[in-house]
Amino acid sequence: MGKIGGLWVISFSSCQCPKTLGKIDNMLYRSEPTKQPKLLRRPFTVQSDGLYGTDGLDSQIEIVCISEEEKEGVIGQAVVSMEVAKSMEPIPIFNESYKQGRKPIGEVRICRYQQLRVCSFLDYLRGGTSLKFAIAIDFSIRDPANVTHNDYQQYSNDIEFVVRCLADTLEPFNPTNSWPSYGFGAKIPPHYRDSNNFCLSLDVDATCQGVNGILNAFGKSYQNVHPLQGAKFAQIIYHLAKQAQNNFNRANEPLNYYVLFIITRGSIEDLKETVQAAIFASKAPISIVFVGVGCEGLDEIERMGNAGKRLEFQGRKSERDNLQFVNATKTRLECDNYADMSTVFLEKSLQQVPWQCSTFYMQNHVLPGKSSSESVETSSGGLTVASSSRRPSSAHGQMEEEEEARMRTTSSSSGPALDHFRSRRNRLSTEMRSMTLDDSR
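Residues numbered from 1 in each chain as written. Predicted model: local features only at pLDDT ≥ 70, side-chain atom pairs only at ≥ 80, totals over all residues. Heavy atoms only, no water.

Visitor: Sorry, what's going on with the pairing of strand 17 (residues 286–292) here?
Guide: Taken residue by residue, a regular strand's side chains alternate between the two faces of the sheet. Extensive coverage of strand 17 is indicated by the burial of seven of its seven residues. Of the two faces of strand 17, the one holding Ile286, Ile288, Phe290 and Gly292 and the one holding Ser287, Val289 and Val291 are both buried throughout. With seven bridges joining them, strand 16 (residues 256–264) and strand 17 adopt parallel strand pairing. Paired with Ile262 across the strands is Phe290, a residue of strand 17. The β-α-β motif built from strand 16, the intervening helix 7 (residues 271–281) and the parallel element strand 17 has right-handed crossover chirality. Two elements, strand 17 and strand 20 (residues 323–327), share five bridges in a ladder whose sense is parallel. Paired with Phe290 across the two strands is Phe325, which belongs to strand 20. (Buried < 20%, exposed > 50% of the residue type's maximum accessible area, 1.4 Å probe, protein only. Helix = DSSP H or I, 4+ residues; strand = E, 2+ residues; numbered from the N terminus. Pairing = 2+ DSSP bridges. Right-handed = clockwise from strand over helix to strand, strands pointing away.)

What follows is the structure, given as structure tokens:
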């Protein structure tokens, strides 16, 4: 885009261009520097409020070409309206020192313009999107011969810490308080065959109710299964990803976004297969959070959890970043009290979920309140513009009031516990509401 090299800056302005880059107010976009006289610039995204103003009226924008060498400063500038810019006609760039500003020194042109609606995580929650949480616990032990009773006790304590933090905090986003709970990496009764996908309760139904249900099922499995020396993660990931994808593919179904928490000590046997499963899961409405317990043997899981869109196997690439890793044991060791442990752990484990959720639906052209069969209509053009729109929902407010009333009824005799729950819920809700789709990721 353009016929002048240098550094391009787009900003709000209704007056003369400043002489230095540092003085530019309301900067909307800054391009990469280049010395080529004629080139096509990269596509970029800016908020529509910056182009049209909060009142929706067309505003003047200033396009500036600045030299990186201070002795030259501003090469040229132009002040135009968005309507002129969207016309995709050449925009002349002038410099007062060249021909007394009567003749342009070059031109810039917007080659393509597209206006998109960018929705936040809260928009989808208000639009009726439900969050479905699932948990999978790894029972494998890398070296069973050297495991002591203290190691078993520490592992149980870590599991209880993670489950209580997640289930208590996410209860407002999980109205039924039901958690599909799975185990893997063990030999299960009655025949004690290797299994990497079994119901945590050792029953035919994987659903557990609340914190106590999950912990009781874990205790039952912990006493009855025989741990393997290594676990295979791919089966669990495929199982939940297919559930999420099948639900998304059903026409006129309400939107459900899945979040799978995998608690592991890191004894992974099928790294390649797990990478393939994670790539498959990137196409489904699901986020996967690897929760490491222990301080050793988690390097491979951590690398995969932090790989993001760089994940690749035999030419197949992840379509989006839907993975995350957090070490629960290290988090506990870094903090002095339980409240800090819980807060830090929750921040690390949940901070990416809102962005991952909204990213998936935006990539698949699904708006809040729409089913997966309805797509977004976008206008054609060139400069990609994102506008966020809030859609209030009385149903969402009513759900919150019913939840509050339920908590008051069931916890009327435990004031401090209720206050602690409300404080934790409000903190998480505030963090989630502050996170919207960020193109810089």
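Visitor: Would you take a moment to explain the packing of aromatic side chains for this structure?
Guide: The description of an aromatic ring pair rests on the distance of the ring centres and on the angle between the ring planes. Tallied over the entire structure, the rule returns 20 aromatic pairs. On the basis of an interplanar angle of 40 degrees and a centroid distance of 6.4 Å, the ring pair of Phe139 and Tyr222 is categorised as tilted. Here Phe139 is found in the loop between strand 9 (130–138) and helix 4 (149–170), whereas its partner Tyr222 is found in helix 5 (residues 210–224), with 83 residues between them in sequence. A residue is classified by how much of its surface remains accessible, and Phe139, at 2% relative accessible area, is buried. For the ring pair Phe218 and Tyr222, a centre distance of 5.1 Å and an interplane angle of 25 degrees mean the geometry is stacked. One end of the pair, Phe218, and the other, Tyr222, are both in helix 5, four residues apart, so they sit about a helical turn from each other. Taking relative accessible area as the criterion, Phe218 reaches 6% and is therefore assigned buried. Exposure remark for Tyr222: the relative accessible area of 23% places this residue in the partly exposed category. Among the aromatic side chains, those forming a connected cluster through ring pairs are Phe139, Tyr152, Tyr155, Phe198, Phe218 and Tyr222. Cation over ring: Arg265 sits above Tyr155, and NZ or CZ is 3.6 Å from the ring centre. In this structure, Arg332 is placed above the aromatic ring of Phe161, and the distance from its NZ or CZ to the ring centre is 5.0 Å. (Phe/Tyr/Trp six-rings, centres within 6.5 Å; stacked < 30°, edge-to-face > 60°. Lys NZ or Arg CZ within 6 Å of the ring centre and 35° of its normal.)

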